[in-house]
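# An overview of the molecular structure
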Amino acid sequence: MSEYVLELKNIAKRFGGVEVLHGVSFGLRPGEVHALLGENGAGKSTLIKVITGIHQPDGGEIFLNDKQVHFDDPLQARLAGIAAIYQELSLCPDLNVAENIFLGRQPTTVGGSINWRKLYSEADRLLTSLGVHLDLKAKARSLSIAQMQSVEIARAFSLNARILIMDEPTSSLTLKEVAELFGLVRRLRDEGTAIIFISHRLEELFEVADRVTVLRDGSYVDTRLVKDVTRDDLVRLMVGRTISNLFPKQDVKPGEIALKVEHLSLAGIFEDINFELHKGEILGMAGLVGAGRTDVARAIFGVVPPTSGTIQIEGRQVEIKSPQQAISLGLAYVPEDRQLHGLIPAMNITSNISLPILKEYARRGWLQDKAERSAAFSAARQMEVRANSIWQLARTLSGGNQQKVVLAKWLSTKPRILILDEPTRGIDVGTKAAVHALMSNLAAEGIAILMISSELPEVLGMSDRILVMHEGQMTALFSRAEATQEKIISAATQTIKTVRAL
Ligand SMILES: Nc1ncnc2c1ncn2[C@@H]1O[C@H](COP(=O)(O)OP(=O)(O)OP(=O)(O)O)[C@@H](O)[C@H]1O
Ligand SMILES: [Mg+2]
């Protein structure tokens, strides 16, 4: 008997002619949380998809409780007790919680129609056993990302999973939601479930994982006990070098006002937002997920125009009614959700990058021309996009590389005011440092940057000033010198108005 519930031996995987997994081996013990770590494009998600039958391996063997298995499709893997929640959530937005949990295999009556009573009572039992409180009849589209994940986990466990795989489950969660998820993970582990956990946040791994396996460029590097490694060890294993400065913020003397927002409100969503953003400045926007920061950004960018208040760009009052207009005024907005707003999955990297500036190319009459190609190529290189070629479809890129394409796409519009919404979510440490360096350089060139981030180290490390929001209101504005983690957290969780214009 081996010690593993799941064992992979020498797994190889190719896409087209390109091999992306080179003989990876991996052993998962019952009752452990095993982290899978590696840079963007290292092959983590691909390995997971081989385990769950989405991809077929081109070489190697998979053993489940010492028995060699082969999964033709995800359903077979699920029936064998392997459950997974992926980087992209997969609920049906118009179905409710209970329907989503039993999607495709609703309990039926003798007559063959759906047994609604059983569906709701089973769903209720499952959620209760997981310690999750949700309205069973709420439509999936009305849920927060954390709640959607709970539904996915419940769905996974409706098939008595013994192995749970989570691919970047925490990237869109608030601190509190992460704590709740980890509570659930520990509970499942203590009951003997084996868990594979992927995250780019190393601190999470130290909090929840027992062992860690590192992949680099599709190859197995090492497996260690988490208690025996340091953060620096892990970075070195992942990227093959140490990263000395994650926040290379340059000192830039702020120039004139690029963007000024006064009493900006969107009825029922946020109210009375006031700030000035100078050329060369990075203004951080901190707050809990759901505080309204993205809504403010979208209002400024003309996606959902504000109901009152004013916006000035370079001293001129403007009414921005659409993103096109915003772009023509020199604004760019990199959205937080690359799946929904950032990327066209069925198009290749080049087309995705040139999308916002298509007009410029179209004027010359020929879309796929050399200019487009070289602009895309240099933007992709600047962002260190890792892909087989610039013609690879966005859909088939690794999650972090999709994020980089979205960044590259907006940078290629040469904005004067750049709004970045969670710019490094899902991006590995090495590239994070590169994205931060790029931001800092852009600011030094005089671009005004509004950076929304839920990662406090990033906010503290990269911002000249920090605006904090809570429940649709602005609760504080700190200078770089006076900001601390504690002050930001306290302002992000309190409604009292202590705005101090600086
Ligand atoms: N369907 C596909 N067709 C072609 N190439 C693919 C496909 N799926 C993945 N790849 C390539 O395989 C490599 C590994 O991607 P994978 O998604 O496994 O990375 P990852 O480690 O999960 O990265 P991230 O941290 O960014 O999520 C990447 O170079 C990616 O472009
Ligand atoms: Mg991935």
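Each value, and the rule that gives it
- Residues numbered from 1 in each chain as written.
- Chains lettered and ligands numbered in written order.
- Predicted model: local features only at pLDDT ≥ 70, side-chain atom pairs only at ≥ 80, totals over all residues.
- Heavy atoms only, no water.
- Salt bridge = Lys/Arg side-chain N within 4 Å of Asp/Glu carboxyl O.
- Helix = DSSP H or I, 4+ residues; strand = E, 2+ residues; numbered from the N terminus.
- Buried < 20%, exposed > 50% of the residue type's maximum accessible area, 1.4 Å probe, protein only.
- Pairing = 2+ DSSP bridges.
- Axes fitted to C-alpha atoms, helices over the stretch in contact; angles between N-to-C directions.
- Contact = heavy atoms within 4.5 Å.
- Parallel < 35°, antiparallel > 145°, perpendicular 65-115°, else oblique.
- Left-handed = near helix turned anticlockwise from the far one by under 90°.
- Nonpolar A, V, L, I, M, F, W, Y, C, P; charged D, E, K, R; others polar.
- Near = heavy atom within 4 Å.
- Polar contact = N/O pair within 3.5 Å; in protein donor to acceptor, adjacent residues only side chain to side chain.
- Domains from an automatic or database assignment.
- Buried area = accessible area lost by both parts, 1.4 Å probe.

Let us now look at the pattern of salt bridges. Counting across every chain of the model gives 25 salt bridges. Between lysine 279 and glutamate 256 there is a salt bridge, with its nearest N and O atoms 3.9 Å apart. Within this pair, whereas lysine 279 is found in the loop between strand S12 (270–278) and strand S13 (282–287), its partner glutamate 256 is found in the loop between helix H8 (231–239) and strand S11 (257–266), the two being separated by 23 residues in sequence. Overall, the relative accessible area of 58% leaves glutamate 256 in the exposed class.

Across the sheet, which stays open at both edges, the four strands sit in the order S2-S1-S4-S5 with antiparallel pairing between neighbours. Only two strands of the sheet have a single partner each, and these edge strands are strand S2 (18–28) and strand S5 (67–69). When the angles between neighbouring strand axes are averaged without regard to direction, this sheet yields 30°. Pairing analysis gives seven bridges linking strand S1 (residues 6–15) to S2, with the strands arranged antiparallel. Bridge assignment links arginine 14 to a residue of S2, and that residue is glutamate 19. Sheet strands in contact with helix H1 (residues 44–51) are S1, S2 and strand S4 (59–64), and its direction is about 115° off that of S1.

Two elements in contact, helix H5 (residues 145–157) and helix H6 (residues 175–190), have axes whose closest approach is 11 Å; the angle formed by their N-to-C orientations is 15°. Put simply, H5 runs roughly parallel to H6. For the pair H5 and H6, the sense of crossing is right-handed. Here H5 contributes Ala146, Gln149, Ile153 and Phe157 to the contact with H6, which in turn contributes Glu177, Leu181, Leu184 and Leu188. By residue class, the composition of the contact of H5 with H6 is six nonpolar, one polar and one charged.

On to the site of ligand 1. In the vicinity of ligand 1 lie 21 residues, with Gly41, Lys44, Thr46, Ser398 and Gly400 positioned nearest. Within the side chain of lysine 44, an N or O atom sits 2.7 Å from an oxygen atom of ligand 1. Here an oxygen atom of ligand 1 and a side-chain polar atom of glutamine 392 are 2.9 Å apart. Secondary structure elements with two or more residues in the shell around ligand 1: H1 and helix H15 (399–411). Here the shell around ligand 1 is built from residues that sort into four nonpolar, 14 polar and three charged. Split by domain, the shell around ligand 1 shows at least three residues from each of two domains, domain 1 (6–91 + 143–239) and domain 3 (343–414).

Before going further, it helps to examine the domain arrangement of the protein chain. It is common to give the size of an interface as the accessible area that goes away when the parts come together. According to the domain assignment, the protein chain consists of domain 1 (6–91 + 143–239), domain 2 (243–330 + 416–502) and domain 3 (343–414). Listed as interface residues are 16 residues of domain 2 and, on the opposing side, 11 residues of domain 3. Interface area, domain 2 with domain 3, both sides summed: about 1000 Å², of which 72% is carbon and sulfur. Looking only at domain 2, the three residues that lose the most surface to domain 3 are Ile327, Thr431 and Leu438, adding up to 37% of its buried area. For the interface between domain 2 and domain 3, the tally reads zero salt bridges. The tally of links from domain 2 across to domain 3 stands at one residue pair in polar contact (both at pLDDT 80 or more). Contributing elements (two or more residues each) for the side of domain 2 that touches domain 3: helix H10 (323–328), strand S17 (417–421) and helix H16 (429–444). Here the side of domain 2 that touches domain 3 gets five residues from one element, more than from any other, and that element is H16. Across the side of domain 2 that touches domain 3, the residue classes break down as 10 nonpolar, three polar and three charged.

With that out of the way, let us pick up the sheet that holds strand S8 (residues 194–198). Neighbouring strands of a sheet are bound in pairs by backbone hydrogen bonds; such pairs are parallel or else antiparallel. A sheet is described by the order of its strands in space; here six strands give the open sequence S6-S7-S8-S3-S9-S10, paired in mixed fashion. The sheet terminates laterally at strand S6 (82–85) and strand S10 (219–225), the two strands that pair on one side only. Within the sheet, the average angular offset between the axes of one strand and its neighbour, ignoring direction, is 20°. In the sheet, strand S7 (residues 163–167) pairs with S8 via five bridges, with the strands oriented parallel. Residue leucine 164 lies in a different strand from S8, and its bridge partner there is isoleucine 195. Across the sheet, H6 touches strand S3 (33–37), S7 and S8, and the angle it forms with S8 is around 150°.

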